[in-house]
Amino acid sequence: MTPKPKAIPMPLDPELRARILQSVAEGFDDQTTFTQALVQIPSLRGHEHAAQDFVFRALATRGYAMDRFAMDRAAIEAHEGGSKFSDDHSEAPIVVGIHRPRAETGRSLILQSHLDVVPEGLPDMWRDAPFSGRIDGDWMYGRGAADMKAGAAANIFALDALRRIGLQPAATVYVQSVVEEESTGNGALQTYLQGYTADAVLIPEPEDEMLVRANIGVLWFTVALRGVPVHVREMGEGANAIDAAYRVIGALREIEADWNAAKGEHPHFEDQDHPINLNIGKIEGGDWASSVPSWCNVSCRVSIYPGQRAQDAAREITDRLAAFAKNDAYLSNNPPQVVFDGFFAEGYVLDPGSEAEAVLGRAHEAAIGAPLKSFMTAGYLDTRVYALYNKIPALCYGPISRNIHGIDECVSLPSVLRITQAMALFIAEWCGTEAVGA
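Summary of the structure given here. (Residues numbered from 1 in each chain as written. Predicted model: local features only at pLDDT ≥ 70, side-chain atom pairs only at ≥ 80, totals over all residues. Heavy atoms only, no water.)

1. Side note on the sheet that holds strand 15 (residues 374-377)
Piece 1. Taking strand neighbours across the sheet as the criterion, the 3 strands line up as 14-9-15 in an open arrangement whose pairing is mixed. Taken across any chain shown, the strands that pair with only one partner, and hence form the sheet edges, are strand 14 (348-349) and strand 15.
Piece 2. Two elements, strand 9 (residues 211-215) and strand 14, share 2 bridges in a ladder whose sense is antiparallel. Counted as the bridge partner of Asn215 is Tyr348 from strand 14. (Pairing = 2+ DSSP bridges. Helix = DSSP H or I, 4+ residues; strand = E, 2+ residues; numbered from the N terminus.)

2. Points about the side chain of Asn390
Piece 1. One can find Asn390 in helix 10 (residues 383-390).
Piece 2. Side-chain polar atoms of Asn390 contact the backbone oxygen of Tyr196, separated by 3.2 Å.
Piece 3. Within the local environment of Asn390, its side chain forms a polar contact with the side chain of Thr197, the two groups lying 2.9 Å apart.
Piece 4. Ignoring sequence-local partners within four residues, the contact set of Asn390 consists of Tyr192, Tyr196, Thr197 and Val385. (Polar contact = N/O pair within 3.5 Å; in protein donor to acceptor, adjacent residues only side chain to side chain. Contact = heavy atoms within 4.5 Å.)

3. A closer look at the nonpolar core
Piece 1. Core analysis: the largest hydrophobic core is formed by 64 residues, its most contacted members being Leu219, Phe221, Leu252 and Tyr386.
Piece 2. At 9 residues, the largest contribution of residues to this core is made by helix 7 (residues 241-261).
Piece 3. Excluding residues that lie within four positions of it along the chain, Tyr386 makes contacts with Ile110, Gln112, Gln176, Ala188, Thr191, Val201, Ile203, Lys391, Ile392 and Ala394.
Piece 4. Counting 58 residues, the second largest nonpolar core, distinct from the first, contains Ala161, Val212, Tyr397 and Phe426. (Core = buried A, V, L, I, M, F, W, Y, C linked by side-chain atoms within 4.5 Å. Buried < 20%, exposed > 50% of the residue type's maximum accessible area, 1.4 Å probe, protein only.)

4. Things to note about the pattern of salt bridges
Piece 1. Scanning all chains against the criterion turns up 19 salt bridges.
Piece 2. Residue Arg253 pairs with Glu256 through a salt bridge whose shortest N-O separation is 3.0 Å. Of the two residues, Arg253 and Glu256 are both situated in helix 7; the distance of 3 residues between them amounts to about one turn of the helix.
Piece 3. Under the relative-accessibility criterion, Glu256 is labelled buried at 8%.
Piece 4. A cluster of three or more residues bridged by salt bridges with shared partners is formed by Arg127, Asp128, Arg134 and Asp136. (Salt bridge = Lys/Arg side-chain N within 4 Å of Asp/Glu carboxyl O.)

5. Regarding the layout of surface pockets
Gaps left between atoms are located by rolling a probe of water-molecule size over the structure's atoms.
Piece 1. What the largest pocket holds in volume is close to 1500 Å³.
Piece 2. Together, 45 residues line the largest pocket, and Val118, Glu182, Trp220, Arg301 and Phe343 are the ones closest to its centre.
Piece 3. Of all the secondary-structure elements, those providing two or more residues to the lining of the largest pocket are strand 10 (217-226), strand 11 (278-285), strand 12 (295-304), strand 13 (337-345) and strand 15.
Piece 4. The dominant element in the lining of the largest pocket, judged by the number of residues it contributes, is strand 10, at 6 residues.
Piece 5. Considering only residue class, the lining of the largest pocket consists of 18 nonpolar, 13 polar and 14 charged.
Piece 6. Each pocket or cavity is described by its volume, and for the second largest pocket that value is around 180 Å³.
Piece 7. Taken together, Glu77, His79, Glu80, Gly82, Ser83, Lys84, Phe85, Arg309, Ala310, Gln311, Phe344 and Glu346 form the lining of the second largest pocket. (1 Å grid on protein atoms, 1.4 Å probe; cavity = no way out; pocket = protein on both sides within 12 Å on 5 of 7 lines; lining within 4 Å. Points joined across faces, edges and corners; volume = space filled by probe spheres on them. Nonpolar A, V, L, I, M, F, W, Y, C, P; charged D, E, K, R; others polar.)

What follows is the structure, encoded as structure tokens:
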């Protein structure tokens, strides 16, 4: 039997649009309280269980059909988009709440968020406790407030706003809450491997009320070096692994410079000052201040252009460090070992002109009062999974923030309100609406 064609999204009636905007505003105090409670649950890598349970209960209470499942390591490792597992990989479950309409007449949708957060850094550098959720004027503070627990709450409360006026989406909507976004992207990939897909996806990451047009890929790797330990009085007879690490970092900076020099070959990146960023994220080494160090590990993150295969970029890094080592007096006989141990993810470009983008543009203009802008962002986003593998329009669009991954991270509450209004309008037009069933 031939499936019935889905209705083309039509602009919302002005009266309905006004009702939806007002409904979001009426529920925003509850949304803020919910977001604050979520921020106050620390959800560092591997410790996201309580936050995922919080979201599970919130979705289940609202009557959504629920699914909760673990990541399948073998399936992820077998997939081209799978990132590398390490001992730190989270085992927290993925949560999906499912809205099923009475009649599937609109376009289906995935609303996704991640609840894992990066380490908070030195607590005494924060004005308040890192997971305080403190509200000061228009801003909510706390690790994860912007990246991206405000977005996680917006996914739920945008749907609540429709229900408050007696409407629900006339299409299937999956509200997906994942982990591992900050280190591998494997949580989002597992939803794809689990079989979840839709006609579009919207992820409300903190993107300053703009749409992400292009997004880099990311590699994580560790360079392991070994030295020759001796007492410092005989330092010339040993080999300092930490000193060798500095030389290796210099070689990595040359790779970074060469990749940046090629930015003109990559649309959406040619006008960026420095689109490819290598971060030396952590250095560990040595055992004793008076002993020449026998070991040093350098943990790195580097970005790659969309269209550049992760394994090709990884091979270039490995080959160029090996070539550098051959010309180093010590490393020629003690070459560095490169281990890829996290992100192994490729970037994507969102092609303009999709119906989903047009609908978001109308929703944004109605809520924000200005045309929707797009831009390139040099960080990892889970939208890559849906763009590259689900092959659906992948929209990443969210609120104004400050200091994500930094000290005193915060999100603008007026911006969260506007973004939630735009999301509710987008859902209503993209999915269509029907009366809430009994």
